[in-house]
Amino acid sequence: MEYTLEDAFETLKGKKAELEKNIDDLINKISNNEVFALKPSSSLEDVKMKQDRLQESLRNEIQPVESADYPILRTSALRLEVITEMEVDINNMQELLNSLQQKLSDIQEDIAYLKNKKNGLDKMKEAYSDNVEIFSNKTYEKEVVLTKRIFKEVKEDLYTVVDTIFPGNNGFKELLAALTSAYVKGGDDIYIDITPDVLHYVNFLLEADIIQYHRNDKSKIKMTELL
């Protein structure tokens, strides 16, 4: 911190005002003291005793003024003080920098750790998705094979029954073929329309629980779910 001439002038003005006030206080106290005049009969011891009392009183009243150790402008003392303060500030800033660098290093380590964890979780997720997909494909393939086998067995059994009950009747087989084709398509095409020439076949299939009506339209039928 630079100590200028203006700072020195303001300091001296303050000291002057303080000393003037002390002098005024002493004058007031001395003026109010009782005056003891020396008498012709006073001895030398009396005079000496009064002098000692006066000196002791002055020593008690007048406090020694301690001189302030202010640095002088453009001297080595001022430069030394500034350099000392700058060194303290530099040391404080260096400690703060070291602390921030340590925190930054800790944060970077945490980021690297979290990235590794994320990569591991992504790999686990990818492996799990692959396993689920493989398992789903295998399960679907097994279900398709099982459905086809059951459907084939039911169809063969149904053809055997049809040949037994309705020998040489192609109309019944055509109805079953239409039901089978609609069943395989699925969706909205799963139902077929009933015509008058297949009503007796429809009644037989209903009793055998092989087909069922549309819930809102009795003129449509579909194959019963096999599974």
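Keep in mind that what you see is a predicted model, and the values were worked out from it rather than measured.

Colleague: Before we go on, may I ask you to explain helix H5 (residues 199–207) in this structure?
Modeller: Working note: α-helix, 3.6 residues per turn, so residues spaced by three or four point in the same direction. Within the sequence span of H5, burial applies to Tyr 201, Val 202 and Leu 205. Buried positions in H5, seen along its axis, are confined to an arc of 100 degrees and lie on one side of it.

Colleague: Mind showing me how you'd approach the pattern of salt bridges here?
Modeller: A side chain with one charge may pair with a side chain of the opposite charge, provided their charged atoms come close. Under the criterion given, the structure shown has 3 salt bridges. The partner of Lys 21 in a salt bridge is Asp 25, with the nearest N and O atoms 3.4 Å apart. In this pair, Lys 21 and Asp 25 both sit in helix H1 (residues 5–32), 4 residues apart, roughly one turn of the helix. Classification of Asp 25 by relative accessible area gives partly exposed; the value is 32%. Across the pair Lys 220 and Asp 193 runs a salt bridge, and its minimum N-O distance is 2.6 Å. Taken as a pair, Lys 220 in strand S3 (residues 220–223) and Asp 193 in strand S1 (residues 192–193) lie far apart in primary sequence, 27 residues in all. For Lys 220, a relative accessible area of 27% translates into the label partly exposed.

Colleague: Sorry if this is basic, but what is going on with the sheet that holds S3 here?
Modeller: What links the strands of a sheet is backbone hydrogen bonding, and the strands pair in either a parallel or an antiparallel sense. Read across the sheet, 3 strands follow the order S1-S3-S2 without closing on themselves; strand pairing throughout is antiparallel. The open sheet has two free edges, formed respectively by S1 and strand S2 (211–213), since each of these has just one partner strand. Pairing analysis gives 3 bridges linking S2 to S3, with the strands arranged antiparallel. The partner of Gln 212 across the bridge, within S3, is Lys 222. Along the sheet, H5 makes contact with S2 and S3, crossing S2 at roughly 105 degrees.

Colleague: Please clarify how the nonpolar core should be interpreted in this entry.
Modeller: A general tendency of soluble globular proteins is for nonpolar side chains to be buried together. In this structure, Leu 175, Leu 179, Val 202, Leu 205, Ile 211 and Ile 221 are the most contacted members of the largest nonpolar core, which totals 17 residues. Elements with a minimum of two residues in this core: helix H4 (170–185), H5 and S3. In terms of residue count, the dominant contributor to this core is H4 (6 residues). For Leu 179, the contacting residues outside a window of four places in its chain are Ile 192, Leu 205, Ile 211, Ile 221, Lys 222 and Met 223.

Colleague: I'm lost on unusual backbone geometry in this one. Help?
Modeller: In terms of backbone geometry, most residues other than glycine have negative phi values and most peptide bonds are trans. The residue Asp 209 is not glycine, and still its phi comes out positive at about 55 degrees. For Asp 209, a relative accessible area of 54% gives the class exposed.

Colleague: Is there a simple way to think about the UniProt feature "coiled-coil region" (unreviewed entry) in the chain in this case?
Modeller: Feature annotation in UniProt places "coiled-coil region" (unreviewed entry) on residues 83–117, given in this structure's numbering. As annotated, residues 83–117 comprises 100% helix and 0% strand, and the C-alpha atoms at either end are separated by 51 Å.

Colleague: What is the right way to read a nonpolar patch on the surface from this model?
Modeller: Together, Ile 30, Leu 54 and Leu 58 line one region of the surface with nonpolar side chains, adding up to about 280 Å² of accessible area. Summarising the element assignment, Leu 58 is placed in helix H2 (residues 44–61). The exposure class assigned to Leu 58 is partly exposed, which follows from its relative accessible area of 35%.

Analysis parameters
- Residues numbered from 1 in each chain as written.
- Predicted model: local features only at pLDDT ≥ 70, side-chain atom pairs only at ≥ 80, totals over all residues.
- Heavy atoms only, no water.
- Buried < 20%, exposed > 50% of the residue type's maximum accessible area, 1.4 Å probe, protein only.
- Helix = DSSP H or I, 4+ residues; strand = E, 2+ residues; numbered from the N terminus.
- Arc of directions from axis to C-beta.
- Salt bridge = Lys/Arg side-chain N within 4 Å of Asp/Glu carboxyl O.
- Pairing = 2+ DSSP bridges.
- Contact = heavy atoms within 4.5 Å.
- Axes fitted to C-alpha atoms, helices over the stretch in contact; angles between N-to-C directions.
- Core = buried A, V, L, I, M, F, W, Y, C linked by side-chain atoms within 4.5 Å.
- UniProt positions renumbered as here; feature names shortened; annotations may be inferred.
- Patch = residues over 30% accessible without salt bridge, like charges linked within 9 Å, V, L, I, M, F, W, Y side chains within 5 Å.
- Areas by Shrake-Rupley, 256 points an atom, 1.4 Å probe, with all protein chains shown as cover.

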